[in-house]
Amino acid sequence: MRLIYLLLFILVISCKTKPESEIEIKTRPVLGVIEKNAMVVSAREEASKIGKEILQKGGNVFDAMVATEMALAVSYPYAGNLGGGGFMVYRKANGETGAIDYREKAPLAAYKDMYLDENGDPIPEKSQLGAMAVGVPGTIAGIFEVHKKFGTLPIRELLTPVVQLAQKGYIITEKQEKRLRHFRELFIETNKDTILYAQSFKANDTIKNPKLAATLQRIIENGRDEFYKGETGQKMVEYIQSKGGIITMDDLNKYEAKWRDPVQFTYKDLTIISMSPPSSGGVCLAQIMKMIEPYDLSNYGHNTLKSIQIITEAERRAYADRSFYLGDPDFVKIPVDTLISDSYLSDRMKDFDFEQATLSSDLSYGSIPGYESSETTHYSVVDQFGNAISVTTTLNGAYGSKLYVPELGFFLNNEMDDFSAKPGMPNMFGLLGAEANAIAPEKRMLSSMTPTLVEKDGELWMSVGTPGGSTIITSVLQTILNVKEYGMTMQDAVNAPRFHHQWLPDVVVFEPNSFDKSILDSLRTKGYKTNEEESRVIGKVDGILVLPDGSLEGGADKRGDDTAVGF
């Protein structure tokens, strides 16, 4: 089947006016993994395989979610977690859609100015490293809530393979070796001691985590309460407090995951279903896509001067609105309907000019009458029954707060940094925040996570998402456009070079050595500030595309160890 699709793409290309001999090899399409029934794409092969095996046992996409999420906690501690949180968007085979928010919350003892010094200035280390940076974790509540509502296989059957993975260990990749080496000293400094992940691991070494295996086994035996009321929760709270943190058992007892209505909007013949606040992803994605919809991107071409300009200017305006209006909907009123309305967004783009960049210093949030870490991880799953999920989960920074609970075997998040420590001051990703995202007890911090599902003509078409902090939204955007507007395969769409703009700082960041020099020169002539010197990864996208014959193409980003597995 893979060969058939490759021949089809080559046939389409050969119909162009340019002779076949003149077409560069790099333009030939690359197909991802194609399977007929089901697909799991995640940051680690071990996690994808465990998710697939659950589906092969007859489990559904929600069973696979529980197993994949926990397998990432074992094999991808960089972002996979028990000590963090996330979001899931789902679409059932019957067309029913929904979302769950298991984002972390501020502790009861948190207060607005807790990260400011005596002069009223933010202390970044306090919200980024160690016990004071930790928000109340939501991941375990999230997976149990999903299982309670939609699961079909027992928790024991879902998590036993994960326990076995922690006991037997997983193979360290070259990318993981580099990350662990990079953070080793910070692990020791933050924990005031060595930890499992501070050992000198090399690529192809095996990491076994018996403490995490024991924690997961207790969760199998005792359920959700093991984490929020039992021995695991008590040990976690004791450790956090011993390191100067403020989380209590009351915080754990009061935590609940929340079902939310996703943000839903149309773009041409597509219906986009994405995450609602406290994620900014769905609203920002809707704003950007609706602002660019009137323009002929397909005709302009992929990563051409005009396409980059249009997308950059829409991103600039959406991120300006993000900084002012978005926060936890349980604490602030968010005018979502207005923010994604055609009239409002048309007005936002009325001062755009192809001849000259809009300066971010001249652009504020839009006026309405009456009124996030690059170290995240994403996985997409489509099951044999036609159900689909898109899930993004995180510790926020790399290995979160770097605080590791030795008795339990996992890292804790530094999600408190996603609040506005002080309105108008940037967080670790350079994102500004306003009063809407100020710290308050039990409040959920704003996020950029953008798990997204796409329908075409009323049928499931795509599941997509990515890590990447503030670049998450723009990476998801460009991946959808790559398939829709530029006719790419799912694999080519996730591999394609990306760029990013977020209002402030007023710089368009490009992946190094990936864009035409003449285009970058033209952008600078028009007043755009560009940066391709910082060798940063703009997202590591995982996606699944439903092909015309109903089979599935899994695209796993070449920038990571991501792997697509199906059957």
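Here the structure is shown first, and the text comes after it.
The structure contained in this document is the topic of the report that follows. Being a predicted model, the structure only gives us computed values, none of them experimental. (Residues numbered from 1 in each chain as written. Predicted model: local features only at pLDDT ≥ 70, side-chain atom pairs only at ≥ 80, totals over all residues. Heavy atoms only, no water.)

Things to note about the overall build of the protein
Reasoning step 1: Tallying secondary structure elements over the protein gives 19 helices and 21 strands in all.
Reasoning step 2: Principal-axis analysis of the C-alpha atoms places the extent of the protein at approximately 65 × 60 × 45 Å.
Reasoning step 3: Taken across its 567 residues, the protein has 64% of its residues classed as buried.
Reasoning step 4: Approximately 20700 Å² of the protein is accessible, and the part contributed by carbon and sulfur atoms is 50%. (Helix = DSSP H or I, 4+ residues; strand = E, 2+ residues; numbered from the N terminus. Buried < 20%, exposed > 50% of the residue type's maximum accessible area, 1.4 Å probe, protein only. Areas by Shrake-Rupley, 256 points an atom, 1.4 Å probe, with all protein chains shown as cover.)

Section: helix α14 (residues 305-325)
Reasoning step 1: When the terminal C-alpha atoms of α14 are compared, their 31 Å separation across 21 residues agrees well with the 30 Å that a helix rising 1.5 Å per residue should span.
Reasoning step 2: Of all 21 residues making up α14, 18 are buried, and the element is well covered by its neighbours. (Expected span 1.5 Å × (residues − 1).)

Considering the nonpolar core
Reasoning step 1: Grouped together as the largest cluster of nonpolar side chains are 86 residues, with contacts concentrated most on Met289, Met462, Ile480 and Leu481.
Reasoning step 2: Beyond its immediate stretch of four places on either side in the chain, Met289 contacts Phe265, Tyr267, Ile272, Leu477, Ile480 and Leu481. (Core = buried A, V, L, I, M, F, W, Y, C linked by side-chain atoms within 4.5 Å. Contact = heavy atoms within 4.5 Å.)

What about the side chain of Asn81?
Reasoning step 1: Here Asn81 is to be found in the loop between α3 (61-75) and β3 (85-91).
Reasoning step 2: A polar side-chain atom of Asn81 sits 2.5 Å from a polar atom in the side chain of Thr139.
Reasoning step 3: Within the local environment of Asn81, its side chain forms a polar contact with the side chain of Thr393, the two groups lying 2.9 Å apart.
Reasoning step 4: In contact with Asn81, other than residues within four places in its own chain, are Met70, Ala73, Thr139, Thr393, Thr394 and Leu395. (Polar contact = N/O pair within 3.5 Å; in protein donor to acceptor, adjacent residues only side chain to side chain.)

Structural notes on the sheet that holds strand β15 (residues 459-465)
Reasoning step 1: The antiparallel open sheet is built from 7 strands, whose spatial order is β1-β20-β19-β15-β14-β9-β8. The open sheet terminates on both sides in strands that have one partner only, identified here as β1 (33-35) and β8 (263-267). Here the strands of the sheet are splayed against their neighbours by 20° on average, with no regard to which way each runs.
Reasoning step 2: Across 5 bridges, strand β9 (residues 270-274) lies against strand β14 (residues 452-456) in antiparallel orientation. (Pairing = 2+ DSSP bridges. Axes fitted to C-alpha atoms, helices over the stretch in contact; angles between N-to-C directions.)

A look at the side chain of Lys540
Reasoning step 1: With respect to the secondary-structure elements, Lys540 resides in the loop between β18 (530-531) and β19 (542-546).
Reasoning step 2: Buried charge without a partner: Lys540 forms no salt bridge, and the closest opposite charge is Asp562, 5.3 Å away.
Reasoning step 3: A polar contact of 3.2 Å, which involves the side chain of Lys540, links it to the side chain of Tyr76.
Reasoning step 4: Sequence-distant contacts of Lys540, that is, excluding residues within four places in its chain, are made with Tyr76, Arg179, Gly465, Thr466, Pro467, Arg498, Asp557, Arg559, Gly560 and Asp562. (Lys, Arg positive; Asp, Glu negative; His and termini not counted. Salt bridge = Lys/Arg side-chain N within 4 Å of Asp/Glu carboxyl O.)

Points about the pairing of strand β20 (residues 552-556)
Reasoning step 1: The buried count for β20 comes to 5 of 5 residues, which makes it a mostly enclosed element.
Reasoning step 2: The side-chain alternation of β20 yields two buried faces, one formed by Leu552, Gly554 and Ala556 and the other by Glu553 and Gly555.
Reasoning step 3: In the sheet, β1 pairs with β20 via 3 bridges, with the strands oriented antiparallel. Each residue of the ladder has a partner; that of Glu35, found in β20, is Leu552.
Reasoning step 4: In terms of strand pairing, β19 meets β20 through 5 bridges, oriented antiparallel. Its bridge partner lying in β20, Leu545 is registered against Glu553.
Reasoning step 5: Hairpin remark: β19 followed by β20, antiparallel, with 5 residues in the connecting loop; positive phi at Gly550, about 90°.

A few points about the pattern of salt bridges
Reasoning step 1: Taken as a whole and judged by the stated rule, the model has 37 salt bridges.
Reasoning step 2: Asp101 is the salt-bridge partner of Arg444, the closest N and O atoms lying 3.1 Å from each other. Considered together, Arg444 and Asp101 belong to a single accessibility category, that of buried residues.
Reasoning step 3: Here Lys148 makes a salt bridge to Glu145, at a shortest N to O gap of 3.7 Å. Remark: Glu145 and Lys148 occur in helix α5 (residues 139-150); sequence separation between them is 3 residues, near one turn of the helix.
Reasoning step 4: A relative accessible area of 65% means that Lys148 is categorised as exposed.
Reasoning step 5: For Glu145, a relative accessible area of 18% corresponds to the buried category.
Reasoning step 6: Overlapping salt bridges bring together Asp101, Lys258, Arg260, Asp328, Asp330 and Arg444 as one network.

What about the sheet that holds strand β17 (residues 508-510)?
Reasoning step 1: Taken in spatial order, the 3 strands of this open sheet run β16-β17-β18, and their pairing is mixed. Looking at strand neighbours, the two that pair on one side only are β16 (499-500) and β18, the edges of this open sheet.
Reasoning step 2: Inspection of the sheet shows β17 paired to β18 by 2 bridges, in the parallel sense. The residue of β18 that forms the bridge with Val509 is Asn531.

What to know about the packing of aromatic side chains
Reasoning step 1: Here the structure, examined in full by the defined rule, presents 26 aromatic pairs.
Reasoning step 2: For the pair Tyr76 and Tyr78, a centre-to-centre distance of 5.8 Å together with 65° between the ring planes defines the contact as edge-to-face.
Reasoning step 3: On the basis of an interplanar angle of 70° and a centroid distance of 4.9 Å, the ring pair of Phe352 and Phe354 is categorised as edge-to-face.
Reasoning step 4: In this structure Phe352 comes out as buried when scored by relative accessible area, which is 11%.
Reasoning step 5: Through successive ring pairs, a cluster of aromatic residues spans Tyr76, Tyr78, Phe183, Phe187, Tyr197, Tyr399, Tyr404 and Phe411.
Reasoning step 6: Arg224 extends its terminal NZ or CZ atom over the ring of Tyr228, reaching a point 4.4 Å from the ring centre.
Reasoning step 7: When the ring centre of Phe354 is taken as origin, the NZ or CZ atom of Lys306, which lies over that ring, is 5.0 Å away. (Phe/Tyr/Trp six-rings, centres within 6.5 Å; stacked < 30°, edge-to-face > 60°. Lys NZ or Arg CZ within 6 Å of the ring centre and 35° of its normal.)

Observations concerning the packing of helix α12 (residues 281-292) against α14
Reasoning step 1: Taken N-terminus to C-terminus, the directions of α12 and α14 make an angle of 145°; their axes are 9 Å apart at the nearest point. Where α12 crosses over α14, the handedness of that crossing is right-handed. Contacts from Cys284, Gln287, Ile288, Met291 and Ile292 in α12 reach Ile310, Ile311, Ala314, Glu315, Arg317, Ala318, Asp321 and Arg322 in α14.
Reasoning step 2: Along the lines of polarity and charge, the residues of the contact of α12 with α14 split into 8 nonpolar, 1 polar and 4 charged. (Left-handed = near helix turned anticlockwise from the far one by under 90°. Nonpolar A, V, L, I, M, F, W, Y, C, P; charged D, E, K, R; others polar.)

So, the packing of α3 against α5
Reasoning step 1: Two elements in contact, α3 and α5, have axes separated by 9 Å at closest approach and are oriented at 160°. Classified by the angle between their axes, α3 and α5 sit roughly antiparallel to one another. With respect to the hand of their crossing, α3 and α5 are arranged in left-handed fashion. Of the residues in α5, those in contact with Phe62, Asp63, Met65, Val66, Glu69 and Met70 of α3 are Thr139, Ile140, Ile143, Val146, His147 and Phe150.
Reasoning step 2: Partitioning the contact of α3 with α5 into residue classes produces 8 nonpolar, 2 polar and 2 charged. (Parallel < 35°, antiparallel > 145°, perpendicular 65-115°, else oblique.)

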